[in-house]
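A closer look at the structure
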Amino acid sequence: MSENKLIKAIKEKGQTMEAEMSFFDHLEALRWHLVRSAIAIVIFTCAAFYFYDFIFDTVIMGPSRPEFWTYRMLCKLGDYLHRDGFCINKINISLLNTDMAGQFTLQINSALLIGITAGFPYLLWEIWRFIKPALHEKERKAASGFVIYASALFIIGILFGYYVITPESINFLAGYTISSKIQNLFTVDSYLSSVATLTLATGVVFELPIIVYVLSSLGILTQKFMRETRRYAVVVILIIAAVVTPTPDMMTMTVVSIPLFILYEVGIMVAGVVEKRKLARENAAV
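All of these numbers come straight from a predicted model, not from anything done at the bench.

1. Re the state of the cysteines
- This model, assessed by the stated rule, comprises one disulfide.
- With its sulfur 1.9 Å from that of its partner, Cys 75 forms a disulfide with Cys 87. One disulfide, between Cys 75 and Cys 87, carries an S-S torsion of 75 degrees and so falls in the right-handed class. Of this pair, Cys 75 sits in helix 4 (residues 69-81) while Cys 87 sits in the loop between helix 4 and strand 1 (95-96), and the two are twelve residues apart along the sequence.
- Among the residues examined, Cys 87 registers a relative accessible area of 32% and is labelled partly exposed.

2. A word on the side chain of Glu 207
- Inspection of the secondary structure puts Glu 207 in the loop between helix 8 (188-205) and helix 9 (208-217).
- In this structure, Glu 207 is buried with no salt-bridge partner, the nearest side chain bearing the opposite charge being Arg 277 at 16 Å.
- When sequence neighbours within four positions are dropped, the list of residues in contact with Glu 207 reads Phe 120, Ala 150, Leu 153 and Phe 154.

3. Considering the nonpolar core
- Grouped together as the largest cluster of nonpolar side chains are 26 residues, with contacts concentrated most on Leu 124, Ile 165, Val 212, Met 226, Leu 263 and Tyr 264.
- Of all the elements in the fold, those that place two or more residues in this core are helix 5 (102-131), helix 7 (146-175), helix 9, helix 11 (230-244) and helix 12 (250-285).
- For this core, the element with the highest residue contribution is helix 7, accounting for seven residues.
- Within the second largest apolar cluster, 19 residues are counted, among which are Met 61, Tyr 71, Ile 91 and Val 195.

4. Comments concerning the packing of helix 5 against helix 8
- One can describe the packing of helix 5 onto helix 8 by two numbers: an axis separation of 11 Å at closest approach and a directional angle of 10 degrees. What the angle tells us is that helix 5 and helix 8 run roughly parallel. Where helix 5 abuts helix 8, its residues Leu 106, Asn 109, Ser 110, Leu 113 and Thr 117 lie against Val 188, Leu 192, Ala 196 and Leu 200.
- Here the contact of helix 5 with helix 8 is built from residues that sort into six nonpolar, three polar and no charged.

5. Here we look at a nonpolar patch on the surface
- Residues Leu 27, Leu 30 and Leu 34 make up a contiguous nonpolar surface patch of roughly 230 Å² in combined accessible area.
- Along the chain, Leu 27 falls in helix 2 (residues 23-50).
- Assessed through its relative accessible area of 40%, Leu 27 is described here as partly exposed.

6. Digging into the environment of Gly 203
- Tracing the chain through its elements places Gly 203 in helix 8.
- Considering only alpha carbons, one finds Gly 203 and Ile 156, 47 residues apart in sequence, at a separation of 7.1 Å.

7. Quick notes on the packing of aromatic side chains
- Within this structure, the stated rule accounts for eleven aromatic pairs.
- Residues Phe 160 and Phe 206 carry aromatic rings whose centres are separated by 5.7 Å and whose planes lie at 40 degrees to one another, so their mutual orientation is tilted. With Phe 160 in helix 7 and Phe 206 in the loop between helix 8 and helix 9, the pair connects residues that are 46 residues apart, well separated along the chain.
- Residue class for Phe 160 comes out buried when judged on its relative accessible area of 15%.
- Judged by its relative accessible area of 6%, Phe 206 falls in the buried class.
- For the ring pair Tyr 162 and Tyr 163, a centre distance of 4.9 Å and an interplane angle of 85 degrees mean the geometry is edge-to-face.
- An aromatic cluster of at least three residues, connected via ring pairs, comprises Phe 68, Trp 69, Tyr 71, Tyr 162 and Tyr 163.
- The aromatic ring of Trp 32 is capped on one face by Arg 31, whose charged end is 4.9 Å from the ring centroid.

What counts and what doesn't
- Residues numbered from 1 in each chain as written.
- Predicted model: local features only at pLDDT ≥ 70, side-chain atom pairs only at ≥ 80, totals over all residues.
- Heavy atoms only, no water.
- Disulfide = S-S within 2.5 Å.
- Helix = DSSP H or I, 4+ residues; strand = E, 2+ residues; numbered from the N terminus.
- Buried < 20%, exposed > 50% of the residue type's maximum accessible area, 1.4 Å probe, protein only.
- Lys, Arg positive; Asp, Glu negative; His and termini not counted.
- Salt bridge = Lys/Arg side-chain N within 4 Å of Asp/Glu carboxyl O.
- Contact = heavy atoms within 4.5 Å.
- Core = buried A, V, L, I, M, F, W, Y, C linked by side-chain atoms within 4.5 Å.
- Axes fitted to C-alpha atoms, helices over the stretch in contact; angles between N-to-C directions.
- Parallel < 35°, antiparallel > 145°, perpendicular 65-115°, else oblique.
- Nonpolar A, V, L, I, M, F, W, Y, C, P; charged D, E, K, R; others polar.
- Patch = residues over 30% accessible without salt bridge, like charges linked within 9 Å, V, L, I, M, F, W, Y side chains within 5 Å.
- Areas by Shrake-Rupley, 256 points an atom, 1.4 Å probe, with all protein chains shown as cover.
- Phe/Tyr/Trp six-rings, centres within 6.5 Å; stacked < 30°, edge-to-face > 60°.
- Lys NZ or Arg CZ within 6 Å of the ring centre and 35° of its normal.

Right under this line is the structure:
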């Protein structure tokens, strides 16, 4: 080996050793990423706590009022289609508090949920910063839009859950009775739990293309498998739509099902793109 090659090899080895981190170094780096994410969530939580009057009256209690945006759009849709039954003039819902510190814990819990939701994109960015150094240059370019795509899908899912699934579910459940002798009185914790679950769950479900991308990159999921199991996916999607929309209205179930079908088809395309990139890299390496 010539002197120049030896010096070059020593330099490359030194750079590799500098780039390598021990297990505890990785834990330390991850800890600081999580700490910064927690700080961001705390800041958003404090802001939500400060502006809680607006958040509670307008955001949290919005789906319980007939003047909510979704109900007004349904009424306009009924007028356009010349059909009755679309307008919702009254929602039979009464909330009560049964715990001494119930309203205080309600404010804390709901402010924390708002903080987590608002800080989720920043959490994704910190996760991306943590895993980015371990990726090759081509892998970094392929996943460069991870934070943007994942955040956009999460926000779209949150909006869809809040403006479509939540109001329909609350309107149905608030007026559902099996006997005139039973009066519906809901606790504030139950109401908040329903709104938060329906909204956040939809945001997570809308991350399906990102999950497909990760599983396809790991070789766990393939485009062929998703195409072959499409018929089963349709059944699962219809079941999910029936669960999250307890109202027996087929139109509501259809509105919920369509985005899920679209997300599954997008997932199939994402899996195909990942497989093509893998094949291109393998051909280039030969």
